[in-house]
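If you want the building blocks of each chain, they are given just below.
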Amino acid sequence: MNMLASRGQLRASFIRWALFTVPLCVLLGFVAGQLGGPDTAWFQQLEKPGIYPEPKWFGIVWTILYVMIGLSVAIVASAWGARGRTAALWVFAVHFALNLSWSYVFFGAQQISGALMLLGAIVVTLLVVIALFWRVRRLAALLLLPYLAWVCFATALNYQFLQLNPDADGGYAEGAVERVRI
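Residues numbered from 1 in each chain as written. Predicted model: local features only at pLDDT ≥ 70, side-chain atom pairs only at ≥ 80, totals over all residues. Heavy atoms only, no water.

## What about the packing of helix 3 (residues 56-77) against helix 4 (residues 85-108)?
- Contact geometry of helix 3 with helix 4 gives a least axis separation of 10 Å together with a crossing angle of 160 degrees. Classed by the angle they form, the pair helix 3 and helix 4 counts as roughly antiparallel. In this structure, the crossing between helix 3 and helix 4 has a hand that is left-handed. Between helix 3, through W62, Y66, I69, V73, V76 and A77, and helix 4, the contact on the second element is made entirely by R85, A88, L89, F92, F96, N99 and L100. (Axes fitted to C-alpha atoms, helices over the stretch in contact; angles between N-to-C directions. Helix = DSSP H or I, 4+ residues; strand = E, 2+ residues; numbered from the N terminus. Parallel < 35°, antiparallel > 145°, perpendicular 65-115°, else oblique. Left-handed = near helix turned anticlockwise from the far one by under 90°. Contact = heavy atoms within 4.5 Å.)

So, in structure tokens, the structure goes:
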């Protein structure tokens, strides 16, 4: 017998990884979203682009994407012995850290231009991740394509926010006031 693992063992490895990576990606995405969100007075004062969807869609789309991302990572992580597996997972970790920092930069630090530059880095690293995942397992790379589309949409949206609100970059929206009662 010259197989390293049976199909059942490979399937079990994927399931174990998926039970770890999917909840982890969803949890980290949720926590990152708590570091900054659209409920601030600053964001409410911004002029919204025409392509800005209803806020409820962001939670729905990101949840679906984080599940797909977690499954993609599980596919690569369970590919024991595959050439490039370790490098693909490390590049993904760097990429995901960039992704998770976007909410804080845009909503928390109120840096629209900084968030746009960060999105550029997110797109570039995601393209590298997709290429590396493709070499390990093609399905894993294909699962990331909707995520790439959404990140490209987010980049266009971020750019339009900057164009419509150039004076708000850095947290200085005209007329934005946040009152704190002690």
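## Observations regarding unusual backbone geometry
- Non-glycine residue Q110 carries a positive phi angle of around 60 degrees.
- Checked against the element boundaries, Q110 lands in the loop between helix 4 and helix 5 (112-136).

## Focus on the side chain of T21
- With respect to the secondary-structure elements, T21 resides in helix 1 (residues 7-34).
- Residue T21 is classed as buried on the basis of its relative accessible area of 5%.
- Polar side-chain contacts of T21 include one of 2.7 Å to the backbone oxygen of G70.
- Contact partners of T21, with chain neighbours within four places excluded, come to G70, V73 and A74. (Buried < 20%, exposed > 50% of the residue type's maximum accessible area, 1.4 Å probe, protein only. Polar contact = N/O pair within 3.5 Å; in protein donor to acceptor, adjacent residues only side chain to side chain.)

## Some words on the environment of L162
- Topologically, L162 is positioned in helix 7 (residues 145-164).
- Linking L162 and A115, residues 47 residues apart in sequence, is a C-alpha distance of 9.8 Å.
- Those residues in contact with L162, other than ones at most four positions away along the chain, are I112, S113, L116 and D169.

## What to know about the nonpolar core
- Residues I69, F106 and F133 are the most contacted members of the largest nonpolar core, which totals 51 residues.
- For this core, the elements supplying multiple residues, two or more each, are helix 1, helix 2 (41-45), helix 3, helix 4, helix 5, helix 6 (138-143) and helix 7.
- Looking at this core, the element that brings in the most residues is helix 5, giving 13 residues.
- Residues within four places of I69 in sequence aside, it is in contact with C25, F92, F96, L144 and Y147. (Core = buried A, V, L, I, M, F, W, Y, C linked by side-chain atoms within 4.5 Å.)

## Digging into the layout of surface pockets
- Put simply, the largest pocket is a space of about 830 Å³.
- Around the largest pocket sit 32 residues that line it, and G33, F58, W62, S103 and F107 are the ones nearest its centre.
- Sorting the residues of the lining of the largest pocket by element identifies helix 1, helix 3, helix 4, helix 5 and helix 7 as the ones contributing at least two each.
- Among the elements that take part in the lining of the largest pocket, helix 7 stands out by supplying 7 residues, more than any other.
- When its residues are assigned to classes, the lining of the largest pocket shows 22 nonpolar, 10 polar and no charged.
- What lines the second largest pocket is a set of 13 residues, among which L24, V73, L89, F92 and A93 lie closest to the centre.
- Among the secondary structure elements, those contributing two or more residues to the lining of the second largest pocket are helix 1, helix 3 and helix 4.
- Element by element, the count of residues in the lining of the second largest pocket is highest for helix 1, at 6 residues.
- Here the residues of the lining of the second largest pocket sort into 12 nonpolar, 1 polar and no charged. (1 Å grid on protein atoms, 1.4 Å probe; cavity = no way out; pocket = protein on both sides within 12 Å on 5 of 7 lines; lining within 4 Å. Points joined across faces, edges and corners; volume = space filled by probe spheres on them. Nonpolar A, V, L, I, M, F, W, Y, C, P; charged D, E, K, R; others polar.)

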